[in-house]
Amino acid sequence: MLLAAHQASDEHRVAALDRLRAFAVFLVIGHHAAWRFRPDGADPLAQVMKGAGWIGVDIFFVISGFMITAILLRDGGDIRGFFVRRFYRIVPLFVVAVAVFAALAAATGLGAEKLGLIWSPALLLNGWTIPFLGYGKVPYTITWSLSVEEAAYLAMGLACLAGRKGLIATLAAFMVIGPVTRVVALATGAIDPFELYFFVPARLDTIAFGGLAALLAQRGARARPWMAWIAGLAVVVLIVAYRYLSVAMPAMVLAGYSVFGLATGWFVFSLATLDAARGEGTGRAARAASFVSRGVGSITARFGRVSYFIYLFHIFVLEALLQAQRWFPTARLGYWQALALATAIVFGLAVLSWRWFERPLIRRGRDVSLGGRKQNVLRADDRGVSAS
């Protein structure tokens, strides 16, 4: 099977998806920066970041669905080990991030009025509580995406107790639960359309698109190089188009999320299977596949590799820059200046965290899950599967 064949060259395959993660998290940073450092209305790229940068989270969902499904298809017989490795990868850094948020809120007063609900992000419940308590009342709102991912990981992992069929059935259920939840909520008015965006059941189909891509790859399906180009173009076109749509619009609620998830799933599938395409020859198609997969270089892959830290902590850096600008009004930052500075700072912090905190914990989780035995484990575990 293709995924099994990839184990020898996993570093390359994961690097391709790390580059996509880098793109996704940069969209998210750009989106949050645009609401703090207002870009020029005549700057089309900045306006896309402001209006559609939120879609980077959906790219994370698809990648997570792909990677988790791939891991479970390979290691589904070791559910305990799966959950142990996920715990060490996700929970320690998350605990630090929530503690930093609480400490900064208490020290600065920014968001201090919400600390009474700090249990919501701390328990990974923001994706459940925001639609009912209100977006403006829940602290550390960006952690809502982890609610979606962790709910999916739990359901998918437990489903593997019933074997491969259980996992496939769960992904199929996700494909139904997401759209049905959105349709019912929109029709009944039970949840505000804007806050429906954060609701865990309403977003599960995006995870499933990534899982479907992994199933196709595991069964030996291969993408042609031109497929990656078309899929990537489709993703970019949709991002530009969504700049003109709000997450609360019926078109987005009913179809927008699913259409983007399908296009991104196609792109992820293409990137994950291009190694096979490159091995078939050295002609133009092979060179095109190599270019798509290699992207702009190793620095982009490294940026994507540490995207979990960047996602959790970039908001602190942006707020710090905003406060500094208020203290020193003569040193005002333009949008692109603020975005570049925030990206550089959080990336530097992320590299340090990866080397001294996250990677040792990932290795520890692997050792615990294996009971101290040496074994080849998919490099995706070392790179960090969680796309939050």
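Note that the structure is a prediction, hence the values are computed from the model and not measured.

S.K.: Hey, could you run me through the overall build of the chain in this one?
M.R.: Counting its regular elements, the chain contains 19 helices and zero strands. Per-residue burial over the chain gives 56% buried out of 388 residues. Looking at the chain alone, contacts between residues at least 24 apart form 78% of all its contacts between residues at least 6 apart. As presented, the chain carries roughly 16,300 Å² of accessible surface, and 66% of it is formed by carbon and sulfur atoms.

S.K.: Mind showing me how you'd approach the packing of helix α4 (residues 56-75) against helix α5 (residues 79-108) here?
M.R.: Helix packing geometry: the angle between the two helix axes and the distance between the axes. In the contact formed by α4 and α5, the axes pass within 10 Å of each other and the chain directions differ by 145 degrees. The two elements α4 and α5 meet at a crossing, and its hand is right-handed. Across the interface between the two elements, I68, I71, L72 and D75 from α4 touch I79, F82, R85 and R86 from α5.

S.K.: Help me understand the nonpolar core in this model?
M.R.: Generally speaking, a soluble globular protein has its nonpolar side chains buried in company with each other. In this structure, F66, Y140, W144, M156, I310, Y311 and L312 are the most contacted members of the largest nonpolar core, which totals 105 residues. A185, I191, L196 and A202 belong to the second largest nonpolar core, which has six residues in total.

S.K.: What am I meant to see in α5 here?
M.R.: A turn of α-helix holds 3.6 residues, and therefore any two residues three or four places apart point the same way. End to end, α5 covers 43 Å across 30 residues, agreeing with the expected 44 Å (1.5 Å per residue, within 8%). At F87, α5 shows its maximal kink, close to 30 degrees. Following α5 by one or two positions, G109 adopts a phi angle in the positive range, close to 85 degrees.

S.K.: When you look at the packing of helix α16 (residues 298-305) against helix α18 (residues 335-370) in this model, what are you seeing that I'm missing?
M.R.: It is the contact of α16 with α18, at a shortest axis distance of 10 Å, that shows an interaxial angle of 75 degrees. Relative to α18, α16 is oriented roughly perpendicular. Residues I299, R302, F303 and R305 of α16 lie in contact with α18, whose contacting residues are T343, F347, V351 and W354.

S.K.: Please explain the environment of Y335 as it appears in this structure.
M.R.: Turning to its location among the elements, Y335 is positioned in helix α18. The residues contacting Y335, other than those within four sequence positions of it, are G30, A33, A34, F37, P39, A46 and M49. Within polar-contact distance, the side chain of Y335 engages the backbone oxygen of G30 at 2.8 Å.

Rules used throughout
- Residues numbered from 1 in each chain as written.
- Predicted model: local features only at pLDDT ≥ 70, side-chain atom pairs only at ≥ 80, totals over all residues.
- Heavy atoms only, no water.
- Helix = DSSP H or I, 4+ residues; strand = E, 2+ residues; numbered from the N terminus.
- Buried < 20%, exposed > 50% of the residue type's maximum accessible area, 1.4 Å probe, protein only.
- Contact = heavy atoms within 4.5 Å.
- Areas by Shrake-Rupley, 256 points an atom, 1.4 Å probe, with all protein chains shown as cover.
- Axes fitted to C-alpha atoms, helices over the stretch in contact; angles between N-to-C directions.
- Left-handed = near helix turned anticlockwise from the far one by under 90°.
- Core = buried A, V, L, I, M, F, W, Y, C linked by side-chain atoms within 4.5 Å.
- Expected span 1.5 Å × (residues − 1).
- Bend = angle between axes of the 7 residues up to and from the residue.
- Parallel < 35°, antiparallel > 145°, perpendicular 65-115°, else oblique.
- Polar contact = N/O pair within 3.5 Å; in protein donor to acceptor, adjacent residues only side chain to side chain.

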